Structure formats: structure tokens, C-alpha cells
Amino acid sequence: MAKARYFEIGVVCLEVIVVLLAILVAVYVSVWAGLLLLPLLLLGLISLICNYDAWVVRRLSTQDSPLILTLCKIGFVGRSRRMLRLLPSDPRCRFCMVPFGGVGKVFGIRPSAANPNYCRSCFEAMPITTHELEVGVLFADLRGFTSWSETHGSRDATALVSRFYASAHRVLTSDDAFVDFIGDQVMAIYCVDMPSLGARTADIMLAATRRLIDAARQGAESLPVGAGMHMGKAQVGSLATGKSKNFTAIGDVVNTAARLQSAAGANQILVSEKVYDALSGEKPQADRTTLNLKGKAELLTAFILH
């Protein structure tokens, strides 16, 4: 935890230096020059960090305590994601949300050569092992996509999935979820240790799922969405395949969320009993059901939310 604080303090100090330089230019040269220099220096600092701070992260990380997971716990990653989301434009790093297009392209923020879904810094910082964390897992997919694609061309199918991906990315990353896309479905991982989530994780997941379903309903030529959610312990980190890595969660909680999603109907949210019990305030109306999920020895109690 101390190393993560040192890293955060270092980044803040660099930001203060950038602001002081802009103020000095404004005072001794021109106010307009200072105002112009400030965003340029801040964007340059972001480019420097996202491209070249991997060696710092590696030095501060250990096998048992990777820095990037600790930065999630202290809130640094969440605060950075909220700031970087404001910069245009997609595509973005799936971990820190820094853009590769728009402003990111102008300032030379580049994806990792080993995995273009992540910036070079996040990819290098990912632990090469997994660590047990409490997570919320959300799965959602397009209902009836297989039968629909049988009567439509591959170009139409690609366009439909691309629209779903864009909508899911926009909706789910407005919270501190780590999003991955698999075929015609999306998986979102919510690390409960993140200060922005914590005890509100179930509420945030449910609100995000409802936004996603509403977005699909309003979209032209779109299919309905079915979703499933579960919470529990999972192995979180990355599994290396050659030189490539991918941030993910592995375990029964992930499998159960995926099976709940498979059992959900069109425009339906199916949640486990643990998620339903974790919802704060007045519980939403729901139909209690018992599911015999494939791979489960026992019946699973779930709730169909209205």
C-alpha cells in the first residue's frame, strides 16, 4: 500500500510542477501563453506516463503485491479513469481508459504491441499471476443473435455487434468496470475493493445493466439484451499466452454469472441471491426462481428483476 501511495504522490508532484510552469509562463510571458501551455503540458504528462512509466511500476511491484491492483484499492485507478474518459476519443485502453484516437493520437499515446486493447503502461503493469479478490461480474448478450444472423449477411451481423459493443462500452465504463467483449456478449468486472464501488457494487451493477438494456431498446435495428449478475471471490489478474496478457477474472463466480445470463430472457435481468441481498434501500420487485444450472451440483436461487 505504501508503494502505491508513493507512486500517487510522485504523479501529483509532476502535475504540480506542470501547473507551476504554466503559471510562471502566464506571469512572465503572457496569460494566453500560460493558458495554452497548461493543457499541452498535462496531456504531455499523460502521454509520458501511459507510454513510459512501466519500468517504475515494475520496480514497485512484487509477485505477491502487484502495484496496479493496489492502485485500484487506493482509488488512484478510478480517479484516473474518470479524468481520462473525458478526453476524446475511442478506441481506448480497456484498463485506464486513455484514448488512442483523437487527442491520444495527437500526443502519441500508443497501444501495446502485444495487446492493442491496452496502453503500453497498463499492459506492462498487469500482474502475470492472479490474486483472489471480491468481485461483481456482469454478463450481457444479444438475445436471438444466432437465429438472426442466419437470415442476415455477415456485414449486417458485424455492424449489429459493433453497435452493441459501442453501446456497452459507453454505458459500462461510466462506472469503474473493466469491460471485455466475447462474441456477441460483454463481460464487466467490478472490483469491490475500489473505493468508488465498495458496498454499492450491486447497486452500481444493476443501474449499469438497466442503462444497457434501455440503450438496446432505443437503438435502431437492435436485438434485445439478456443479463446475469453474481458476486463472490475470483482470481483476478492476467493469464499470459506467449507475450500477450489480458486482465480478467476466473472462478466459479464468473461461470455462475455467465450461466445466469444464459438463463435470462429478452430484456431480462437475472441475479443471484447474493447480488439481490447486497442491493441497498428498497429491494426492486423480483420473481424468485430456482435454476438447475449446468455444472452446478445444487440448485441456484436467483431473482428475475422487474
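Quick caveat: nothing in here was measured; it's all calculated off a predicted structure. (Residues numbered from 1 in each chain as written. Predicted model: local features only at pLDDT ≥ 70, side-chain atom pairs only at ≥ 80, totals over all residues. Heavy atoms only, no water.)

1. A word on helix α5 (residues 76–84)
And step 1. Those residues of α5 that sit buried are Phe-76, Val-77, Gly-78, Ser-80, Arg-81 and Leu-84.
And step 2. Residues of α5 that are buried make contact with α1 (2–28), α2 (31–52), α4 (67–73) and β2 (178–182). (Buried < 20%, exposed > 50% of the residue type's maximum accessible area, 1.4 Å probe, protein only. Helix = DSSP H or I, 4+ residues; strand = E, 2+ residues; numbered from the N terminus. Contact = heavy atoms within 4.5 Å.)

2. Points about the environment of Glu-8
And step 1. Considering the arrangement of structural elements, one finds Glu-8 in helix α1.
And step 2. Separated by 52 residues in sequence, Glu-8 and Leu-60 place their C-alpha atoms 12 Å apart.
And step 3. Every residue in contact with Glu-8, bar those within four places of it in the chain, is listed here: Ile-74, Phe-76 and Arg-79.

3. Here we look at the environment of Leu-293
And step 1. Structurally, Leu-293 is set in the loop between β7 (286–291) and β8 (300–305).
And step 2. Spatially, the C-alpha atom of Leu-293 lies 26 Å from that of Phe-164, the residues being 129 residues apart in sequence.
And step 3. Every residue in contact with Leu-293, bar those within four places of it in the chain, is listed here: Thr-256, Arg-259 and Leu-300.

4. Description of unusual backbone geometry
Leaving glycine out, the prevailing phi sign among residues is negative, and the prevailing peptide bond configuration is trans.
And step 1. Residue Pro-88 is joined to Ser-89 through a cis peptide bond whose omega torsion reads 0°.
And step 2. Among the structural elements, Ser-89 can be located in the loop between α5 and α6 (103–106).
And step 3. Here the bond from Asp-90 into Pro-91 is cis, since omega is 0°, no more than 30 degrees from zero.
And step 4. The residue Pro-91 is located in the loop between α5 and α6 in this model.
And step 5. Positioned with a positive phi, Met-97 is a non-glycine residue whose angle comes to about 75°.
And step 6. Structurally, Met-97 can be placed in the loop between α5 and α6.
And step 7. Under the relative-accessibility criterion, Met-97 is labelled buried at 1%.

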